[in-house]
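Here are the chains, one letter per residue:
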Amino acid sequence: DTAVSQTPKYLVTQMGNDKSIKCEQNLGHDTMYWYKQDSKKFLKIMFSYNNKELIINETVPNRFSPKSPDKAHLNLHINSLELGDSAVYFCASSQASWEPAGGEQFFGPGTRLTVL
Amino acid sequence: QKEVEQNSGPLSVPEGAIASLNCTYSDRGSQSFFWYRQYSGKSPELIMSIYSNGDKEDGRFTAQLNKASQYVSLLIRDSQPSDSATYLCAVKAPDSWGKFQFGAGTQVVVTP
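Residues numbered from 1 in each chain as written. Chains lettered and ligands numbered in written order. Predicted model: local features only at pLDDT ≥ 70, side-chain atom pairs only at ≥ 80, totals over all residues. Heavy atoms only, no water.

### A look at the nonpolar core
All names here are of chain B.
Thinking step 1. Ranked by size, the top nonpolar core spans 23 residues in total, and within it L21, W35, V72, L74 and Y87 carry the most contacts.
Thinking step 2. For this core, the elements supplying multiple residues, two or more each, are β3 (19–25), β4 (32–38), β5 (45–50), β7 (61–66), β8 (71–76), β9 (85–92) and β11 (106–111).
Thinking step 3. Residues contacting Y87, with those up to four places away along its chain left out, are Q6, L21, W35, Y36, R37, I47, F61, L74, I76, G105, T106 and V108. (Core = buried A, V, L, I, M, F, W, Y, C linked by side-chain atoms within 4.5 Å. Buried < 20%, exposed > 50% of the residue type's maximum accessible area, 1.4 Å probe, protein only. Helix = DSSP H or I, 4+ residues; strand = E, 2+ residues; numbered from the N terminus. Contact = heavy atoms within 4.5 Å.)

And the structure:
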């Protein structure tokens, strides 16, 4: 029944490790996103995929590598984790993101990443 | 200058009163505007989208858009304690495949 799901919900790891977050949506949407929400609650877009194709890459360090095996899934792999990567990462999806009047996004529950 | 600006609050509103939230944006060509509600520790939840100048009402919520002045607002009528949350304004950049810019959010506290 869940629309946008993410795993894991919490991730605690040491600096320098590599970790992945998975996202799946069952809404039939074409576009999926990764957002980072820092401690000040500012929500910033990282990546956007439309039908498995990368369309937005917002000057994110190349330690972050998204991958979309199909339009219902978007994963995020992070190499060599740093303290500053600690944040909540949200996956979202939307339909009709390219239309001027469109792009209502539905968010997953978030993954709280803590780097020690 | 931030691209999407909101007052951070907290905005304290007595129960039953109207909460008024404002959002200004810098890109004049923007055409899609959204309000999300985010409870502490939860994910953003879409409340309203608005694309044309004027008012759009949905239950106790009314979104107002003025593209000439580059602002969008949200009114919450008959505020309830359950409305206590952070409200995020989001603007879709023009000519973009889904590049959304969010404001920092306004925290609303409804007091009984």
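There is more to say, and it comes next.
### Notes on the state of the cysteines
Thinking step 1. Following the criterion strictly, the structure yields two disulfides over all chains and no others.
Thinking step 2. In this model, C23(A) is linked to C91(A) through a disulfide, with the two sulfur atoms separated by 1.8 Å. Of note, the bridge from C23(A) to C91(A) carries an S-S torsion of about -75° and is left-handed in sense. Of the two residues, C23(A) is situated in strand β3 (residues 19–25) and C91(A) in strand β9 (residues 87–94); the sequence distance between them amounts to 68 residues. Note on accessibility: C23(A) and C91(A) belong to one class, buried.
Thinking step 3. A disulfide bridge connects C23(B) with C89(B), and the sulfur atoms are separated by 2.0 Å. The disulfide joining C23(B) to C89(B) has a torsion of about -70° about its S-S bond and is therefore left-handed. (Disulfide = S-S within 2.5 Å.)

### Some remarks on the side chain of R37(B)
Residues and elements named next belong to chain B.
Thinking step 1. Among the structural elements, R37 can be located in strand β4.
Thinking step 2. Residue class for R37 comes out buried when judged on its relative accessible area of 14%.
Thinking step 3. At 3.5 Å, the side chain of R37 forms a polar contact with the side chain of Y39.
Thinking step 4. Aside from chain neighbours lying at most four places away, what touches R37 is S43, P44, E45, I47, F61, D83, A85, T86 and Y87. (Polar contact = N/O pair within 3.5 Å; in protein donor to acceptor, adjacent residues only side chain to side chain.)

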